[in-house]
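Now for the letters of each chain:
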Amino acid sequence: MPPFHLILLATLFVIGSSQDSNLKLNVSISMLIQGDIGLGTLMFQEKLSDDKREFNKNERGEENMQHPEGRFVRDTVEEEPLLPPAPEEHKPPPVHQEPIHRHYQPPTAHQEPLHRDHQPPPARRSPGHEESVQDQVLREKEHIRDARIFGGNNVKQKKGSEFSCKVLILGAGMAGITAAKTLKNLGVQDIMIVEGSGRIGGRVKDEQFGGVNVEVGANWVHFSNMDVDTINPVEEAVKKAGLNTVSDDYGDVIYRYKGKNVTDEAMEAQERFSKVIEEAVHVGERKIQNHEPDVNFRVALALQDWRPVTPIENAVEFFNFDFEFADEPGDTGLKDNFKIFAHHGKDDMFVADKRGYKKIIFDMADEGGIKKHKNLFFWEYVTDIHYMENGDKKVKVETKNSKDGTINTYRAEFVICTFSIGVLESDLVKFHPKLPAWKEETIYMYKMARYIKIFVKFPDDIEAFWDDNHYIFYVDPTTRGRYQLWQNLEARGKYFPRGTNIMLVTVLGNNWERVKHLSKEEIMSELFTVLRDMYGDRAVPPEDILIPDWHNNPLFFGAYSNWPIGISKTTYQNLDAPVGRLYMAGEACSPNYSGYLHGAMESGELTARNLYKCMEEGDCEQVPPYGYGYNQTECVVHR
């Protein structure tokens, strides 16, 4: 099922107050930077199917953290060795390390948000010249952006180096590495990759917790929207790498309500829900065939008389729908999402390997000749992308190195941007000139899913008091989605060794809006309350939790993208359509499997091949002047 997500909190307050008949504008901008996690695993398990949003999606210039969401102040953890460095003469200034994952500690109620007390330097102005309100706002926004890039550290910025190549790739996640490997296989050698974090993998990332490696990002190989014979390239890569996986049909589940096992009642409700989903699929097929307007999934379910009322009905819907999309039916479009339920040729594969899911991306990097300090540069946070420059190198990308403060410039003939939808929607990366309206409109129609993993560690000296099922579903009597989805990571001895004493709780969608404001101790207390409701006095308080927060990480701002209501297959093409020499790729850009890891792989390869045809054969995609789907007289090119 879907993987996790992350979110970034930025708040801008413009407060107007009047005194003594005079109107004063007090403008203050404060950004709550809750930790950058470097969790690139966004659980990109998007399989070449449009089924599971596990993809926890990342792909972007920087890596915010690796997994879902870097939202709180985290501990600094040493990253494992990445790729072997190239000869010393190619090395840029040495860097330290990406702060990632903390055994999460959000600010307490009495703490000032990170960086709030760090005031920007006073503006310089000529005698007699008062700084305008607009100038103040722009200056403070720049200060906030730098605070996020440098993690609140006082890093002295200085002029860095200038680099040049034929093709520049922004982001070293699945899409970026796939694009680089594809171009090399096609004969293009002069390639560089800049990555905002200190590792490759994007939203595919594992961390040490409780004595084992846990996947804080993508975790499954998905087969949604696929037939039995459909080839999923991620599956092939996993098998080639020899990763340990466990087949998962999501059937090993128990439902608990007020301490009782209510699985039989839940299975009855699930049987009804499955029939309703089948009919909803027919509604989606009819709408496509008859060119009818899109509706949200809630409408399709209601048309089949599914209106969940009881706690068990809400729990069943949450497990079967929200866990897939990281959103409720009312926020999910029907026409381009029903296929996830229509075809599912194989059971999904849960990756449980001490080497980490990321190994498949490391292997691809090795095959593509991608070497750190040679053609791969870490900690380079992209701030500005110029894609219509004069001269032979029409692309100029400016970066700030988040470790040594150098401001570097990369010039290229073409650029492939693999940033997540969350980053593209943020104000942290500037495009010059501004992107055309047809592209921006499509970008802003998407949103990043909120998929948050909470790993829960219990004392080593206790015996498991929970059920020996992989999925343990808590039926909350009043609140839909409140700490409801638990995974036993040592169930039946198939995942981690017995005695590991680690469980995983997934928080989805709107529920995260409340949880994100709680302290670590408050969350642990709430989790224990739920456990006591399920297991009574047998329950034992957890001793630690790990929350990889992709949503606040400035390299991701979310777990993975969700196909919005109102986007058709035609207008979707605007998302990755090139603008001059600027190309785009990433899980959101996948024409068939958006939101999945294999979708990022599909998009990276497709974009690389399209770029090669344009660059070497002169066969460039001709995008209509107003974008795809905005002028009925234009011929639509279906790619």
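A. Representation of the overall build of the chain within the structure. Across its full length, the chain holds 14 helices and 24 strands. Across the 639 residues in the chain, those meeting the buried criterion constitute 61%. Expressed as a percentage of contacts within the chain between residues at least 6 apart in sequence, the contacts between residues at least 24 apart total 79%. Total accessible area computed for the chain in this model is approximately 25,100 Å², and 49% of it derives from carbon and sulfur atoms.

B. Inspection of the nonpolar core at higher detail. Counting residues in hydrophobic clusters, the biggest one holds 149 residues, and the most contacted among them are Leu-168, Leu-170, Tyr-255, Tyr-357 and Ile-360. Beyond its immediate chain neighbours, meaning those up to four positions away, Leu-168 contacts Met-192, Val-194, Val-397, Tyr-410, Ala-412, Phe-414, Val-415 and Ile-416. The next biggest cluster of nonpolar side chains, apart from the first, holds 29 residues, and it includes Ile-452, Ile-454, Trp-466 and Ile-547.

C. Structural context of the pattern of salt bridges. Applying the stated criterion across every chain, the model contains 38 salt bridges. For Glu-292, the salt bridge is made with Arg-286, and the minimal N-O distance between the two is 3.2 Å. Notably, a salt bridge pairs Asp-336 with Lys-339, separated by 3.9 Å at the nearest N-O pair. Judged by its relative accessible area of 9%, Asp-336 is buried. For Lys-339, a relative accessible area of 21% gives the class partly exposed.

D. Geometry of the packing of aromatic side chains. If you walk through the whole model with that rule in mind, you get 31 aromatic pairs. Consider the rings of Phe-163 and Phe-377, whose centres lie 5.1 Å apart with planes at 40°: the pair is tilted. Placement of Phe-163 in strand S3 (residues 158–170) and of Phe-377 in strand S12 (residues 376–377) is noted, with a sequence separation of 214 residues between them. A ring pair is formed by Phe-458 and Trp-466, whose centres lie 5.0 Å apart and whose planes are at 35°; its orientation type is tilted. This pair shows no difference in class: Phe-458 is buried, exactly as Trp-466 is. Cluster of aromatic residues (ring-pair linked, three or more members): Trp-220, Tyr-250, Tyr-255, Phe-318, Phe-319, Phe-323, Phe-350, Tyr-451, Tyr-471, Phe-473, Tyr-495 and Tyr-560. Sitting over the ring of Trp-379, Lys-403 keeps its end group 4.6 Å from the ring centre. When the ring centre of Phe-414 is taken as origin, the NZ or CZ atom of Arg-581, which lies over that ring, is 4.7 Å away.

What counts and what doesn't
- Throughout, residues of each chain are indexed from 1 in the direction in which the sequence is written.
- Where local features are concerned, this predicted model is filtered to residues with pLDDT of at least 70; where side-chain atom pairs are given and counted, the filter is 80 or more; whole-chain, interface and lining totals use all residues.
- Calculation of side-chain values draws on the structure's entire complement of heavy atoms; hydrogens and water are dropped beforehand.
- Here a strand is any run of E in DSSP of at least two residues, a helix any run of H or I of at least four, and the numbering for each starts at the N terminus.
- We call a residue buried when its accessible area falls under 20% of the maximum for its residue type, exposed when it is over 50%, and partly exposed in between, using a 1.4 Å probe and counting protein chains only.
- When checking whether two residues touch, look at their non-hydrogen atoms; a contact exists if any pair is within 4.5 Å.
- Per-residue and other accessible areas were derived by the Shrake-Rupley procedure at a 1.4 Å probe size, with only the shown protein chains allowed to occlude residues.
- Among buried residues, the Ala, Val, Leu, Ile, Met, Phe, Trp, Tyr and Cys ones that are joined through side-chain atoms within 4.5 Å form a nonpolar core.
- For this document, the term salt bridge refers to a Lys or Arg side-chain nitrogen within 4 Å of an Asp or Glu carboxyl oxygen.
- Aromatic rings from Phe, Tyr and Trp, taking only the six-membered ring of Trp, are treated as a pair when their centres fall within 6.5 Å; an angle between ring planes under 30 degrees marks them as stacked, one over 60 as edge-to-face, and anything in between as tilted.
- Here, a charge over a ring means that NZ of Lys or CZ of Arg falls within 6 Å of the ring centre while also lying within 35 degrees of the ring normal.

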